[in-house]
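Below, each chain spelled out in residue letters.
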Amino acid sequence: MKNIIQYFEGDIPANFKLRGSIAIDTETTGISLLRDRLCVVQIADERGGVYIIKLERPYKCPNLKAILADESILKIFHFGRFDMAMIKKDLGIAMKNVFCTKIASRLVRTSAPKHNLKSLVAEICGVELDKTEQTSDWAGKLSKEQLKYAADDVIYLHRIMEDLKLRMQREKRVGIFDKCIAFLPTRVDLDIAGWSNEDIFAH
C-alpha cells in the first residue's frame, strides 16, 4: 500500500473526515511535560493516508481537536501515555477509545528485550526504521527527512495493533489489557500533575 502524505500548518481543513481507526503520534520540543511543548501531530488512517499537522502557539486548531475528541474513532498510539498527556496539556483534549501498542507489547512479548516502536516494526512488519530525526528540531521548518520520519511513526501501527490483539487473545490477556487502558487517562493526569517518576503504589 502506498502511503500518501498530506502536510498542514495550524489545523486540518474543516471538511476533513476520518472514521474507524487512526494511528496518532506527536513530535515535541522535548520529553518534559512541564518544560516542553507540542509541535507536530501526525495521523495515519486505515487506507494508508498520512496527515502531518504542524502546530504553533497559541494552539487554534478546532478541526484537529474535533477529530481527537471524537469517541467513535479508535486512536492507536505507541506509548500513548506521553502523547495523550502532551495533547491534553497543550490542546485540552482528554482522548477516549484508545489502543496502546506499547502496553500490548509488554503484556504479550514478555521475552522481548525491547518494546520500542523500532523493535515492533522490525519484528512484525520486517522494516528497519531510521530514527535519526527523533531528536531533531521539530519547532522549526520541517525537512523532507522529518516528514518521512513522522509518517513512519504512524503508518505501521494498524498492522502492529492487529498482530498484538491476536496474541493477547491467544494468551488470554485481553481483560488485563482493557483494565490498563481504562487506567491510562488517570496515569496521564498523574504525569501532568507531577507524579510521572513516582510509583504511587509503592510502599
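Residues numbered from 1 in each chain as written. Predicted model: local features only at pLDDT ≥ 70, side-chain atom pairs only at ≥ 80, totals over all residues. Heavy atoms only, no water.

Draft legend 1. Here's a closer look at helix α5 (residues 144-155). Along its 12 residues, α5 runs 16 Å from first to last C-alpha, staying within 8% of the 16 Å computed at 1.5 Å per residue. Looking at α5, one finds that the buried residues are Gln146, Tyr149, Ala150, Ala151, Asp152, Asp153 and Val154. Elements in contact with the buried residues of α5: β1 (4-9), β2 (21-28), β3 (38-44), β4 (49-54), α4 (117-125) and α6 (157-170). (Helix = DSSP H or I, 4+ residues; strand = E, 2+ residues; numbered from the N terminus. Expected span 1.5 Å × (residues − 1). Buried < 20%, exposed > 50% of the residue type's maximum accessible area, 1.4 Å probe, protein only. Contact = heavy atoms within 4.5 Å.)

Draft legend 2. Region of interest: the pattern of salt bridges. This model, assessed by the stated rule, comprises 16 salt bridges. Arginine 167 is the salt-bridge partner of aspartate 163, the closest N and O atoms lying 2.8 Å from each other. Residue aspartate 163 and its partner arginine 167 are located together in helix α6, separated by four residues, close to a single helical turn. On the basis of relative accessibility, which here comes to 17%, the residue arginine 167 falls in the buried class. Through salt bridges that share partners, Arg109, Glu123, Asp163 and Arg167 make up one connected network. (Salt bridge = Lys/Arg side-chain N within 4 Å of Asp/Glu carboxyl O.)

Draft legend 3. Representation of the packing of aromatic side chains within the structure. In this structure the tally under the stated criterion is five aromatic pairs. Taking the centre distance of 5.7 Å and the plane angle of 40° together, the rings of tryptophan 138 and tyrosine 149 count as tilted. With tryptophan 138 in the loop between α4 and α5 and tyrosine 149 in helix α5, this residue pair connects regions lying 11 residues apart in the sequence. Across the pair, tyrosine 149 and tryptophan 138 agree in class, each one buried. An aromatic cluster is present here, built from Phe8, Phe16 and Tyr51 joined pairwise through their rings. (Phe/Tyr/Trp six-rings, centres within 6.5 Å; stacked < 30°, edge-to-face > 60°.)

Draft legend 4. Broad picture of helix α1 (residues 62-69). All of the buried residues in α1 are Leu64, Ile67 and Leu68. Down the axis of α1, the sector holding all buried residues measures 95°, keeping them to one side. The secondary structure elements touched by the buried residues of α1 are β2, β3, β4, β5 (74-77) and α2 (80-91). (Arc of directions from axis to C-beta.)

Draft legend 5. View of the side chain of histidine 78. Turning to its location among the elements, histidine 78 is positioned in the loop between β5 and α2. A polar contact is formed between the side chain of histidine 78 and the backbone nitrogen of leucine 117, at a distance of 3.2 Å. Not counting residues up to four positions away in its chain, the partners in contact with histidine 78 are Asp83, Cys100, Thr101, Lys102, His115, Asn116, Leu117, Leu120 and Leu157. (Polar contact = N/O pair within 3.5 Å; in protein donor to acceptor, adjacent residues only side chain to side chain.)

Draft legend 6. Expanded view of a nonpolar patch on the surface. A cluster of nonpolar side chains, Phe183, Trp195, Ile200 and Phe201, forms an exposed patch at the surface whose accessible area comes to about 430 Å². Along the chain, phenylalanine 201 falls in the segment after α7 (174-193). (Patch = residues over 30% accessible without salt bridge, like charges linked within 9 Å, V, L, I, M, F, W, Y side chains within 5 Å. Areas by Shrake-Rupley, 256 points an atom, 1.4 Å probe, with all protein chains shown as cover.)

Draft legend 7. Structural detail: the nonpolar core. With 65 residues, the main nonpolar core has Ile43, Leu64, Leu91, Met95 and Ile160 as its most contacted residues. Setting aside its immediate chain neighbours within four residues, methionine 95 contacts Ile24, Leu68, Phe77, Met84 and Ile87. (Core = buried A, V, L, I, M, F, W, Y, C linked by side-chain atoms within 4.5 Å.)

Draft legend 8. Examining the packing of α2 against α7 more closely. Look at α2 against α7: their axes get within 9 Å of each other, and the N-to-C directions meet at 65°. Crossing of α2 over α7 shows right-handed handedness. Contact with α2, carried on its side by Arg81, Met84, Ala85, Lys88 and Lys89, involves Leu184, Arg187, Val188, Asp189, Asp191 and Ile192 of α7 and no other residues of that element. Grouping the constituent residues of the contact of α2 with α7 by class yields five nonpolar, no polar and six charged. (Axes fitted to C-alpha atoms, helices over the stretch in contact; angles between N-to-C directions. Left-handed = near helix turned anticlockwise from the far one by under 90°. Nonpolar A, V, L, I, M, F, W, Y, C, P; charged D, E, K, R; others polar.)

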